[in-house]
Amino acid sequence: MPRASRRRGDAARRHADTVRFVLFEARPAGLEFQQLVRASGLSPSQVRAGIGALKDEAASKGWPPLIWTRADGYQLGAERAALEAYERAVVSEKLTQFRRFITGTVAPHAAAHPNDKWVKHIVAQLNSIESTLDLIASA
């Protein structure tokens, strides 16, 4: 995903408008990435920048959310069930990332420096985040 500064630029906003137009034309079906590149006439990097900017812009303007599924590709304004499935998948992915970070980095750091104030703080905060994500993923 492009850096935030690139997603806010004029070019990224133009690419976002192009991507949004192409996805609206394809509704209710979605488009895979390569289909989106071909249909938009943009380069792959321009489409990636446009997708990032579109996600930011859609959130700020109250537009339908942009989701991606393996079966349908990128979609705008999907049905409630598709949105919920996408959200669960993202939460599950983030939970896995947090668990790997905790077990692979933070836990060894905590074992090496058990009295470090920073380590105690980060362990407590990350355990709280892990617990919250686990509740959401299993709900």
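## Quick look at helix 3 (residues 33-40)
Looking only at helix 3, the buried set comprises Phe33, Leu36, Val37 and Ser40. The buried side chains of helix 3 occupy one side of the element, clustering within an arc of 100° when seen end-on. Its buried side turned inward, helix 3 meets helix 2 (10-26), helix 4 (44-61) and strand 2 (73-76). Looking one or two residues beyond helix 3, the residue adopting positive phi is glycine 41, at roughly 75°.

## Section: the nonpolar core
Among the nonpolar cores identified, the biggest contains 18 residues, and Val19, Leu23, Leu36, Val47 and Ile51 are the most heavily contacted of them. For this core, the secondary structure elements donating two or more residues are helix 2, helix 3, helix 4 and strand 2. Among the elements that make up this core, the one with the highest residue count is helix 2 (6 residues). Apart from the residues within four sequence positions on either side, valine 47 is in contact with Val19, Phe33, Leu36, Val37, Ser40 and Leu42.

## Details of the packing of aromatic side chains
Considering all chains together, one arrives at 0 aromatic pairs under this definition. The residue whose ring lies beneath arginine 20 is tryptophan 63, and the NZ or CZ to ring-centre distance is 4.1 Å.

## A closer look at the packing of helix 2 against helix 3
With their axes 10 Å apart at the nearest point, helix 2 and helix 3 run at an angle of 105° to one another. Taken together, the axis directions place helix 2 and helix 3 in an arrangement best described as roughly perpendicular. On the side of helix 2, the interface is formed by Thr18, Val19, Val22 and Leu23, while helix 3 contributes Leu36, Ala39 and Ser40. Split into classes, the residues belonging to the contact of helix 2 with helix 3 amount to 5 nonpolar, 2 polar and no charged.

## Let's talk about the pattern of salt bridges
Under the defined criterion, the tally for this structure stands at 7 salt bridges. For aspartate 134, the salt bridge identified is with arginine 99, shortest N-O distance 3.4 Å. Placement of the pair is aspartate 134 in helix 6 (residues 117-138) and arginine 99 in helix 5 (residues 80-112), with a sequence separation of 35 residues. Judged by its relative accessible area of 34%, arginine 99 falls in the partly exposed class. What you see here is one network of salt bridges that share partners, running through Arg80, Glu84 and Arg88.

About the cut-offs
- Residues numbered from 1 in each chain as written.
- Predicted model: local features only at pLDDT ≥ 70, side-chain atom pairs only at ≥ 80, totals over all residues.
- Heavy atoms only, no water.
- Buried < 20%, exposed > 50% of the residue type's maximum accessible area, 1.4 Å probe, protein only.
- Helix = DSSP H or I, 4+ residues; strand = E, 2+ residues; numbered from the N terminus.
- Arc of directions from axis to C-beta.
- Contact = heavy atoms within 4.5 Å.
- Core = buried A, V, L, I, M, F, W, Y, C linked by side-chain atoms within 4.5 Å.
- Phe/Tyr/Trp six-rings, centres within 6.5 Å; stacked < 30°, edge-to-face > 60°.
- Lys NZ or Arg CZ within 6 Å of the ring centre and 35° of its normal.
- Axes fitted to C-alpha atoms, helices over the stretch in contact; angles between N-to-C directions.
- Parallel < 35°, antiparallel > 145°, perpendicular 65-115°, else oblique.
- Nonpolar A, V, L, I, M, F, W, Y, C, P; charged D, E, K, R; others polar.
- Salt bridge = Lys/Arg side-chain N within 4 Å of Asp/Glu carboxyl O.

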